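Residue-level listing of the chains:
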Amino acid sequence: MPSFYQKTIKREIQFKGVGLHNGKRVNMKLVPAAPNHGIVFKRTDLKTKNLIPAIFDNVSNSVLCTSIQNEFGVTVSMIEHLQGALYGEEIDNLLIEIDSSEIPIMDGSAKEFVHQIRTVGTRNYDTSKKFIKVLKKCELIIDKKFISIEPYENDLKIDFEIVYKNQLIGNQRKSVRLSNGDLDSVYNSRTFCLFEDVEKIKRLGLGKGGSLENAVVVEDDKVLNDGGLRHKNEFVMHKILDCMGDLMLANYKILGKVRCSQGGHQLTNALLKKFLSDSKYFSVVEFKEKRFPNSRFYNRPVAVSA
Ligand SMILES: [Zn+2]
């Protein structure tokens with residue numbers, strides 16, 4: 001069960017790095033924010049119109065990574081690994097200042113973001129937080145790709161499957177329940193690509209900052225990075241990190257089960273749009289703690305519709 005109360009971080013955190021796709025040096029600062037602020041990006045290289053709320057209907061592009069855009073056309077991209085870290089660490093309120101249009105790729109995973117967030121610690125507010133509780137199954141099938149969201153316990157479960165012709169990646173399926181407390185193998189899983197796709201990505205003008213320092217590259221049955229994989233499920237666990245980061249754009253944490261086969265940013269974002277556009281699929285709830293003296297049985301949270 002996730003925390004019932006809103007959180008931010010205790011102190012500011014600075015990151016420096018490079019954009020995977022634009023190749024530019026970037027400085028990023030995570031700044032604590034008040035209850036009900038939500039997650040908002042601020043482009044500090046621009047003087048005005050520079051705030052971009054991290055919500056699903058601001059998604060402007062989800063090819064290779066997730067980009068969001070405000071009403072003035074100002075964008076920030078590659079938000080998903082940081083967003084995945086915020087989802088897993090249950091950060092609800094944050095201002096993310098960034099002096100470029102792309103989040104630093106770091107080592108291709110969310111490991112450093114999580115490490116810094118845990119190092120400064122979180123600040124808990126006494127403002128209750130809202131959740132999206134799934135009431136009815138909603139699904140999308142596009143060719144062989146599939147994604148669904150359905151009712152579950154008071155938690156988020158992501159069940160993900162990848163199917164690759166490449167023999168090293170092959171078929172992998174894993175499921176992760178968020179409040180189980182062991183998300184480290186999700187956080188430390190790096191983004192990956194096939195060596196044969198590197199040229200295609202570069203021809204699109206992307207991947208300019210890409211290297212073996214920030215992405216796993218697979219050629220035939222070999223991992224080209226020194227040291228190989230961090231663990232045997234790194235590919236599918238990275239897809240779970242991406243999915244978690246994209247689900248963070250729902251604005252509130254989700255209580256439901258997401259099942260995906262061969263999907264990615266586009267499919268997750270398309271599902272969120274369909275799911276959140278019709279209230280038959282969900283309700284927004286918050287938990288009020290009802291405390292009765294001397295009774296551990298009644299000392300349980302009660303869901304109320306918000
Ligand atoms: Zn990713």
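The structure this text deals with has already been given above.
Worth saying up front: this structure is predicted, and the values here are computed from it rather than measured.

K.L.:
Would you take a moment to explain helix α5 (residues 234–247) for this structure?
P.N.:
Owing to its 3.6 residues per turn, the α-helix aligns residues three or four sequence positions apart on the same side. Compared with an ideal rise of 1.5 Å per residue, which puts 14 residues at 20 Å, α5 spans 20 Å between its outermost C-alpha atoms and is within 8% of the ideal. In terms of residue burial, α5 counts as a mostly covered element, since 14 of its 14 residues are buried.

K.L.:
Honestly, the packing of aromatic side chains in this entry has me stumped. Any pointers?
P.N.:
What describes a pair of aromatic rings is the distance from one ring centre to the other and the angle between the planes of the rings. Scanning the model with the defined rule gives seven aromatic pairs in all. Look at Phe15 and Phe113: their rings are 5.1 Å apart centre to centre, the planes differ by 80°, and that puts the pair in the edge-to-face class. Here the residue Phe15 occupies a position in strand β2 (residues 13–18), and Phe113 occupies one in helix α2 (residues 111–120), the gap between them amounting to 98 residues. Phe113 carries the same exposure label as Phe15, and that label is buried. Measuring from ring centre to ring centre gives 5.3 Å for Phe131 and Phe287, while their planes differ by 75°; the resulting arrangement is edge-to-face.

K.L.:
How do you make sense of the sheet that holds strand β6 (residues 59–61) when you look at a structure like this?
P.N.:
Pairing between sheet strands relies on hydrogen bonds along the backbone, with the strands arranged either parallel or antiparallel. Read from one edge to the other, the open sheet built from three strands follows the order β6-β7-β8, with strand pairing classed as antiparallel. Each edge of the open sheet carries a strand with a single partner, namely β6 and β8 (75–77). The average angle at which neighbouring strand axes cross in this sheet is 35°, direction not considered. Note: strand β7 (residues 67–69) against β8, three bridges, orientation antiparallel. In the strand pairing of β8, Ile68 is matched with Val76.

K.L.:
What should I look at first to understand the coordination of the zinc ion in this one?
P.N.:
Around a metal, the idealised angle for a tetrahedral arrangement of four donor atoms is 109.5 degrees; for an octahedral arrangement of six donor atoms it is 90 or 180 degrees. Coordination sphere of the zinc ion, protein contribution only: His81 (NE2), His238 (NE2), Asp242 (OD) and Asp242 (OD), at 2.1 to 2.8 Å. Coordination at the zinc ion is irregular, judged from the four donor atoms that bind it and the angles of 52 to 146° they form at the metal. In terms of primary sequence, the donors binding the zinc ion are separated according to H-x156-H-x3-D. Placement of His81 in helix α1 (residues 80–88) and of Asp242 in helix α5 is noted, with a sequence separation of 161 residues between them. As far as the burial class goes, His81 and Asp242 line up, both buried.

K.L.:
Even after reading the chapter, I still don't get helix α6 (residues 265–276), so can you show me in this structure?
P.N.:
Here α6 contains twelve residues, and its C-alpha end-to-end distance of 16 Å stays within 8% of the 16 Å for a straight helix at 1.5 Å per residue. Within the span of α6, buried status applies to His265, Leu267, Thr268, Asn269, Leu271, Leu272, Phe275 and Leu276.

K.L.:
Is there a simple way to explain the pattern of salt bridges in this structure?
P.N.:
Side chains that differ in sign of charge can pair as their charged atoms come close. If you walk through the whole model with that rule in mind, you get 16 salt bridges. Asp278 is the partner of Lys280 in a salt bridge, and the nearest nitrogen-oxygen pair spans 3.3 Å. Several salt bridges share partner residues, and in doing so they unite Glu90, Asp92, Lys129 and Lys253 into one network.

K.L.:
I keep staring at the packing of α1 against α2 and nothing clicks. Help me out?
P.N.:
Helices that pack against each other are described as a pair by the angle of their axes relative to one another and the distance between those axes. Closest axis-to-axis distance for the α1/α2 pair is 9 Å, and the angle between their directions is 40°. What the angle tells us is that α1 and α2 run oblique. Seen along the crossing, α1 lies across α2 with a hand that is right-handed. Residues His81, Leu82, Ala85 and Leu86 of α1 lie in contact with α2, whose contacting residues are Phe113, Val114 and Ile117. Grouping the constituent residues of the contact of α1 with α2 by class yields six nonpolar, one polar and no charged.

K.L.:
Any chance you could explain the environment of Gly205 here in plain terms?
P.N.:
By secondary structure assignment, the location of Gly205 is in the loop between α4 (195–203) and β17 (216–219). You can call Gly205 partly exposed: its relative accessible area is 31%. For the pair formed by Gly205 and Ile105, sequence separation is 100 residues and the distance between their alpha carbons is 17 Å.

Rules used throughout
Residues numbered from 1 in each chain as written. Predicted model: local features only at pLDDT ≥ 70, side-chain atom pairs only at ≥ 80, totals over all residues. Heavy atoms only, no water. Helix = DSSP H or I, 4+ residues; strand = E, 2+ residues; numbered from the N terminus. Expected span 1.5 Å × (residues − 1). Buried < 20%, exposed > 50% of the residue type's maximum accessible area, 1.4 Å probe, protein only. Phe/Tyr/Trp six-rings, centres within 6.5 Å; stacked < 30°, edge-to-face > 60°. Pairing = 2+ DSSP bridges. Axes fitted to C-alpha atoms, helices over the stretch in contact; angles between N-to-C directions. Donors = N, O, S within 2.8 Å, 3.2 Å for Na, K, Ca; no water. Tetrahedral: all angles 85-135°; square planar, octahedral: opposite > 155°, others 65-115°. Salt bridge = Lys/Arg side-chain N within 4 Å of Asp/Glu carboxyl O. Parallel < 35°, antiparallel > 145°, perpendicular 65-115°, else oblique. Left-handed = near helix turned anticlockwise from the far one by under 90°. Contact = heavy atoms within 4.5 Å. Nonpolar A, V, L, I, M, F, W, Y, C, P; charged D, E, K, R; others polar.

That is the geometry; function is a separate question.
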